[in-house]
Amino acid sequence: MSLTGLSINLATVRQQFGLKDAIDACLAHGITAVAPWRDQVEKQGLAESAKIIKDNGIRVTGLCRGGMFPAATPDGIAAAIDDNKRAVDEAAALGAACLVLVVGGLPVNSKDITGARQMVADGIAAILPHARAAKIPLAIEPLHPMYAADRACVNTLGQALDLCDALGDGIGVAIDVYHVWWDPALPAQIARAGRTGRILAHHICDWLVPTRDLLLDRGMMGDGIIDLPGIRRQIEAAGFHGPQEVEIFSAENWWKRDGHEVLKTCVERFQTVC
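Residues numbered from 1 in each chain as written. Predicted model: local features only at pLDDT ≥ 70, side-chain atom pairs only at ≥ 80, totals over all residues. Heavy atoms only, no water.

Peer 1: Describe the overall build of the protein chain, naming the residues involved and giving the relevant values.
Peer 2: The helix and strand tally for the protein chain stands at 10 helices and nine strands. Against the compact-globule benchmark of 19 Å for 274 residues, the protein chain has a radius of gyration of 18 Å, which places it among compact chains. Seen through its C-alpha atoms, the protein chain measures out along the principal axes to roughly 45 × 45 × 35 Å. Sorting the 274 residues of the protein chain into buried and exposed places 53% on the buried side. If you take every contact in the protein chain between residues at least 6 apart in sequence, the share linking residues at least 24 apart comes to 79%. Carbon and sulfur atoms make up 53% of the accessible area of the protein chain, which totals about 11300 Å². Counting 26 positive and 32 negative side-chain charges, the protein chain places the averaged centre of each group 2 Å from the other. (Helix = DSSP H or I, 4+ residues; strand = E, 2+ residues; numbered from the N terminus. Rg over C-alpha atoms; globule rule 2.2 N^0.38 Å. Buried < 20%, exposed > 50% of the residue type's maximum accessible area, 1.4 Å probe, protein only. Contact = heavy atoms within 4.5 Å. Areas by Shrake-Rupley, 256 points an atom, 1.4 Å probe, with all protein chains shown as cover. Lys, Arg positive; Asp, Glu negative; His and termini not counted. Charge placed at Lys NZ, Arg CZ, Asp CG, Glu CD.)

In structure tokens form, the structure reads like this:
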């Protein structure tokens, strides 16, 4: 497969490179699409990051991340909305294809997941006009249910699409195989997302068995049990032909390796098992 179909989420090499060096390394391996994180952009500087991206002809498949809407106080909710509006502006400055939303879990000391999900819907609704004006699509990323309490109370593609349908234009989904591979409704929901033009991003890695850490032990493609080609075929049949974005958090393996080795392996696995 052509490497135009490959993007590197810069979390994959966050321990090895800052933003500029990561982009230089990606270019050395023929990779011309990336998805940076906001802390990486902040460290480099927003204006300098945008210049590096433009000067090198880099495609930004997404900015990570907005979201984290639920909060225990009105001030906390307002702060989250303000931060998400800044994230939209950052995504626009970088020319990102979307702002990825990891929506947030339960507020502190809360057990009300229904209320948390309502806070998410209200928070996205509050920033959506700003995102539409900036021409930055919002991509809800449903996370595996193990993260429902602390990271994302939107846990299936179906839930994310229900939110999209309720909120209207300017919003879609980021389909991360690590989070959704297990869902028996996944094929039907991918097809649904395609019918409504909601697929904005496709993230890839693998699920290891056993997994030593549910956050920081994602596998390189081909090392686990996810049917990557099968999910890719479903997503392409639904009409999304954008890059597959490698996003690997791996504290005890890939983050400890040489960054060029990691990127070389990403290219090889993309071409052989994805």
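Peer 1: Give me the side chain of Arg 218: which residues, what numbers.
Peer 2: Considering the arrangement of structural elements, one finds Arg 218 in the loop between β8 (199-204) and α9 (228-237). Reaching out from Arg 218, the side chain makes a polar contact with the side chain of Asp 176 at a distance of 3.2 Å. At a separation of 3.2 Å, a polar atom in the side chain of Arg 218 contacts the main-chain carbonyl oxygen of Glu 247. When sequence neighbours within four positions are dropped, the list of residues in contact with Arg 218 reads Asp 176, Tyr 178, His 179, Cys 205, Asp 206, Leu 208, Glu 247, Ile 248, Phe 249, Ser 250 and Trp 254. (Polar contact = N/O pair within 3.5 Å; in protein donor to acceptor, adjacent residues only side chain to side chain.)

Peer 1: Requested: an account of the sheet that holds strand β5 (residues 99-102), with residues and values cited.
Peer 2: The strand order β3-β2-β1-β9-β8-β7-β6-β5-β4 describes an open sheet built from nine strands, whose pairing is parallel. Looking at strand neighbours, the two that pair on one side only are β3 (59-60) and β4 (63-67), the edges of this open sheet. Where strand β6 (residues 138-140) meets strand β7 (residues 171-176), three bridges bridge the pair, whose relative direction is parallel. Among the inter-strand pairings, Ala 139 is bridged to a residue of β7, identified as Gly 172. Sitting on the sheet, helix α4 (residues 74-94) is in contact with β3, β4, β5 and β6, with an inclination near 160° to β4. (Pairing = 2+ DSSP bridges. Axes fitted to C-alpha atoms, helices over the stretch in contact; angles between N-to-C directions.)

Peer 1: Lay out the pattern of salt bridges in plain terms, naming residues and giving numbers.
Peer 2: All told, the structure shown has 16 salt bridges when counted by the stated rule. Residue Arg 198 is joined to Asp 165 by a salt bridge in which the shortest nitrogen-to-oxygen separation is 3.8 Å. Linking Arg 198 in the loop between α8 (186-195) and β8 with Asp 165 in helix α6 (residues 157-167), this pair joins segments that are 33 residues apart in sequence. Residue classification places Asp 165 among the partly exposed positions, given a relative accessible area of 41%. Between Asp 217 and Arg 212 there is a salt bridge; the shortest N-O distance is 3.5 Å. (Salt bridge = Lys/Arg side-chain N within 4 Å of Asp/Glu carboxyl O.)

Peer 1: A description of the pairing of β7 should follow, citing residues and the corresponding values.
Peer 2: Taking burial as the measure, the six residues of β7 include six buried ones, the bulk of the element. With four bridges joining them, β7 and β8 adopt parallel strand pairing. By the bridge assignment, Asp 176 is partnered in β8 with His 203.

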